[in-house]
Amino acid sequence: MAPQRASAEVRRKRVSVLFSGRGSNMASLLMAAMAPGYPAIITHAFTNVPGAGGLEIARKNEIAVDVIDHRAFDSREAHEAAVMAKLVEAKPDIICLAGYMRVLSEGFVRRYRGKILNIHPSLLPSFKGVDTHHRARIAGVRVHGATVHFVDETLDGGPIIAQAAVPIEAGDSDDTLAARVLEAEHRLYPHALALVASGKVRLSGSRIVVSDTPHETGAALYSPPLPAGDAG
Ligand code: GAR
């Protein structure tokens, strides 16, 4: 009998990325997946927007990419059926929504429950929907940020996998804040995908189960910062 290989390589999870815009989060996932040992590989991309900036990123990275314009369909269901057909061919283990600006139907979410991740530019459950940076600023929020979550049937809803907190500064405009949050998104999404792909975070019913992810107990981000000596 042939001896077992000492370190059998764990199969990397296949990921399809769905996007509608410039694709910078997809680029961050592609970059992360180049690292040796990263537990996922981006095998396929999909967009509903024929001129989306992310198309160029997918092509440069030699990722198979499908384009199906939702405007060519009479109904959301018909478009989704076409998207699903492409996903059946691509056989992803995980689907990453990266600026995919279409609400998924219940049927789609049910079919891929526990396998669809989304990144949203706020600390959910605050500021679901659009214009998150503007609304957070107007509300006087001090700590804003980004969230990666499993997708459920509701808009920007579903169990939270990981979050990044980003302070809002006095001189921030919507654009400066958006840029700072986007930088955090580009670090957060690869981290969250790795947690799911490696099985360290998974969905059990509607709850997140986390194993083996030590964090700094008691650590907190204060914004505005606490005075020196007051942190304990
Ligand atoms: C990102 O900021 C992402 O969080 C947001 O769209 C942007 C896409 O940018 N997603 C949502 O608002 C989903 N509700 P990108 O195309 O450069 O990745």
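Below you will find a few notes about this structure.

Rules behind the numbers
Residues numbered from 1 in each chain as written. Predicted model: local features only at pLDDT ≥ 70, side-chain atom pairs only at ≥ 80, totals over all residues. Heavy atoms only, no water. Near = heavy atom within 4 Å. Polar contact = N/O pair within 3.5 Å; in protein donor to acceptor, adjacent residues only side chain to side chain. Areas by Shrake-Rupley, 256 points an atom, 1.4 Å probe, with all protein chains shown as cover. Helix = DSSP H or I, 4+ residues; strand = E, 2+ residues; numbered from the N terminus. Nonpolar A, V, L, I, M, F, W, Y, C, P; charged D, E, K, R; others polar. Phe/Tyr/Trp six-rings, centres within 6.5 Å; stacked < 30°, edge-to-face > 60°. Buried < 20%, exposed > 50% of the residue type's maximum accessible area, 1.4 Å probe, protein only. Lys NZ or Arg CZ within 6 Å of the ring centre and 35° of its normal. Pairing = 2+ DSSP bridges. Contact = heavy atoms within 4.5 Å. Axes fitted to C-alpha atoms, helices over the stretch in contact; angles between N-to-C directions. Salt bridge = Lys/Arg side-chain N within 4 Å of Asp/Glu carboxyl O. Parallel < 35°, antiparallel > 145°, perpendicular 65-115°, else oblique. Left-handed = near helix turned anticlockwise from the far one by under 90°.

## Some remarks on the site of the ligand
- Surveying the vicinity of the ligand reveals the residues R22, G23, S24, N25, G99, M101, I119, H120, P121, D156, L182 and E185.
- Here an oxygen atom of the ligand sits 2.9 Å away from a polar atom, N or O, in the main chain of N25.
- Measuring from an oxygen atom of the ligand, one finds a side-chain N or O atom of E185 at 2.7 Å.
- For the ligand, the protein covers 89% of the area, taking 450 Å² as the surface of the free molecule.
- Looking at the shell around the ligand, the elements with two or more residues in it are α1 (24-33), β5 (116-120) and α6 (174-197).
- Of the residues assigned to the shell around the ligand, the class counts are 4 nonpolar, 5 polar and 3 charged.

## Quick word on the packing of aromatic side chains
- Applying the stated criterion to the full structure yields 2 aromatic pairs.
- A centroid spacing of 6.2 Å and a plane angle of 70° characterise the contact between F46 and Y100, whose relative ring orientation is edge-to-face. Of the two residues, F46 sits in strand β2 (residues 40-47) while Y100 sits in the loop between β4 (94-97) and α4 (106-111), which places them 54 residues apart along the sequence.
- For Y100, a relative accessible area of 7% gives the class buried.
- Between F108 and Y112, the ring centres sit 5.5 Å apart and the planes meet at 45°, which makes this aromatic pair tilted.
- Across from the ring centre of Y112, 4.5 Å away, lies the NZ or CZ of R111, which sits over that ring.

## Points about the pairing of β2
- With 6 of 8 residues buried, β2 is to be regarded as a mostly interior element.
- Bridge count between strand β1 (residues 13-19) and β2: 7 bridges; the pairing is parallel. Each bridged residue has a counterpart across the sheet, and for V17 the counterpart in β2 is A45.
- Direction of pairing for β2 relative to strand β3 (residues 64-67): parallel, over a ladder of 4 bridges.

## Looking at the side chain of D66
- Inspection of the secondary structure puts D66 in strand β3.
- Within polar-contact distance, the side chain of D66 engages the side chain of H44 at 2.8 Å.
- Look past the residues within four positions of D66 in its chain and what remains in contact with it is H44, A45, F46, T47 and K86.

## Things to note about the sheet that holds strand β6 (residues 143-150)
- On the basis of which strands lie adjacent, the open sheet formed by 7 strands has the order β3-β2-β1-β4-β5-β6-β7 and mixed pairing. In the strand order of this sheet, the two ends are held by β3 and β7 (160-167), each with one partner. Direction aside, the axes of adjacent strands within the sheet are offset by 20° on average.
- Across 4 bridges, β5 lies against β6 in antiparallel orientation. The partner of I119 across the bridge, within β6, is V148.
- Along the sheet face, α6 touches β1, β2, β4, β5, β6 and β7 and points at about 155° away from the line of β7.

## Side note on the pattern of salt bridges
- Following the criterion strictly, the structure yields 8 salt bridges and no others.
- Here E153 and R113 are joined by a salt bridge, their closest N and O atoms 2.6 Å apart. Of this pair, E153 sits in the loop between β6 and β7 while R113 sits in the loop between α4 and β5; the two residues are 40 residues apart in sequence, bridging distant segments of the chain.
- Connected through shared salt-bridge partners, E169, D172 and R180 make up one network.

## Some thoughts on the packing of α1 against α6
- The contact between α1 and α6 brings their axes to 9 Å, and the two run at 45°. Here α1 lies oblique to α6, going by the angle between them. For the pair α1 and α6, the crossing hand works out as right-handed. Here α1 contributes S24, N25, S28, L29 and A32 to the contact with α6, which in turn contributes L182, E185, H186, Y189, P190 and L193.
- Looking at the contact of α1 with α6 residue by residue, the classes come out as 6 nonpolar, 4 polar and 1 charged.

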